[in-house]
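So the chains spell out like this:
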Amino acid sequence: MDAITGTAAGVPFTALPPSGEVDGPAPLIVTWHMLDAPRTDVAFAAALPMAGVPSWRVHLGMPLCGSRMVGGRLDRHVELAREDILLAYFGPIIRQAAEEFPAALAELRRQLPVDDQPIGILGASLGGAVALQVLTAPPTPIGAVALVNPAVRVSSGVELLAAGLGQPYGWTAESRSAAEGLDFVARAGELSGEPPLLLVSGEHDHPTLREDASSLVSELRGRYARPEEVELTTVPGLAHPLADEPGLEPAPQAPATVAVDGVLTQWFVRRFATR
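Conventions and cut-offs
- Residues numbered from 1 in each chain as written.
- Predicted model: local features only at pLDDT ≥ 70, side-chain atom pairs only at ≥ 80, totals over all residues.
- Heavy atoms only, no water.
- Helix = DSSP H or I, 4+ residues; strand = E, 2+ residues; numbered from the N terminus.
- Polar contact = N/O pair within 3.5 Å; in protein donor to acceptor, adjacent residues only side chain to side chain.
- Contact = heavy atoms within 4.5 Å.
- Core = buried A, V, L, I, M, F, W, Y, C linked by side-chain atoms within 4.5 Å.
- Buried < 20%, exposed > 50% of the residue type's maximum accessible area, 1.4 Å probe, protein only.
- Pairing = 2+ DSSP bridges.
- Right-handed = clockwise from strand over helix to strand, strands pointing away.
- Axes fitted to C-alpha atoms, helices over the stretch in contact; angles between N-to-C directions.

Looking at this structure, I do not really get the side chain of threonine 31. What am I missing?
Among the structural elements, threonine 31 can be located in strand E3 (residues 28–32). Side-chain polar atoms of threonine 31 contact the side chain of histidine 59, separated by 2.7 Å. Apart from residues no more than four positions distant in its own chain, threonine 31 is found in contact with Phe44, Met50, Val58, His59, Leu60 and Leu122.

The structure is reproduced here in structure tokens:
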């Protein structure tokens, strides 16, 4: 069966059906893509199809991305970043993506033959921050969480983008408060339940993001009754993006992305097999 595209409560999505023979409703994995490449739901589905997983993989489009880009161009992203990376760009995207998820999930359950068991979630880069935000107040039980090069502390992403734009970020009391609310190492105690968690970190991802990822894993292992349920995997040769620019349309997988896809596939297969 080919990919299914549509909208759920106004949120665009690309859904891939379960692999193999499935008798009845199947498990559900929901993902949020990067703002780097691949930066749309359809491109992310091509980069990380997880084709061997016997579940629906529904890749949600992030706000301002894909079919929701203003004028179909990335210009608005640059404008908002130059206005205020955190308060006008990263923060509103994370907030909107998390707030629109419960209604989108309810609609997906009506549209697709998914079961009523705890879902899996996956987020990459800023989409990782969305997944962690959702985990602080999940609209449904979450049975597994995977993160790829995630923005665990959004302040680190702010500084990286500011450097890329060539303009230092002017921190204010408001933006520091917003950054504290998006520091998921500090908020580790607010993450709901103790779902198995896999963090995939690229060998060549930004050093600050790798350090933040390691800090989150250490913090969660100290909190989980079963610390082995929190896993950290480094993928050799992987930088931060998972696809080449512009990352708007489906593209062949790069070798390092194939490796990420394999790690995620094996992990989710193992998690669903234990149900």
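Which parts of the structure should I look at to understand the nonpolar core?
Soluble globular proteins: nonpolar side chains tend toward being buried together. Counting 64 residues, the largest nonpolar core has Trp32, Leu60, Met62 and Phe90 as its most contacted members. Take this core: its biggest share by element is 15 residues, from helix H2 (residues 75–111). Residues in contact with methionine 62, not counting those within four places in the same chain, are Trp32, His33, Leu35, Arg68, Ile93, Ala97, Leu126, Gly127 and Val130. Within the second largest apolar cluster, 23 residues are counted, among which are Leu48, Val53, Leu122 and Leu238.

Is there a simple way to think about the environment of leucine 232 in this case?
Among the secondary structure elements, leucine 232 is positioned in strand E8 (residues 230–235). Taking the C-alpha atoms as reference points, leucine 232 and leucine 147, 85 residues apart in sequence, are found 9.6 Å from one another. Beyond its immediate sequence surroundings of up to four residues, leucine 232 is in contact with Leu199, Ser201, Ser214, Val217 and Arg221.

Sorry, what's going on with the pairing of E8 here?
The side chains of a regular strand alternate, residue by residue, between the two faces of the sheet. As judged from the 6 bridges shared by strand E7 (residues 197–202) and E8, these two strands associate in the parallel manner. Looking at the pairing, glycine 202 lines up with valine 235 of E8. With helix H6 (residues 207–223) bridging E7 and its parallel neighbour E8, the resulting β-α-β unit is right-handed.

For this particular structure, what's the right way to read the sheet that holds strand E6 (residues 142–148)?
The pairing of strands in a sheet happens through backbone hydrogen bonds and is either parallel or antiparallel. Across the sheet, 8 strands lie side by side as E1-E2-E4-E3-E5-E6-E7-E8; this open sheet has mixed pairing. Each having just a single partner strand, strand E1 (4–8) and E8 make up the two edges of the open sheet. Adjacent strand axes in the sheet meet at a mean angle of 20°, parallel and antiparallel pairs treated alike. In this structure, E3 lies alongside strand E4 (residues 56–60), joined through 5 bridges in parallel fashion.

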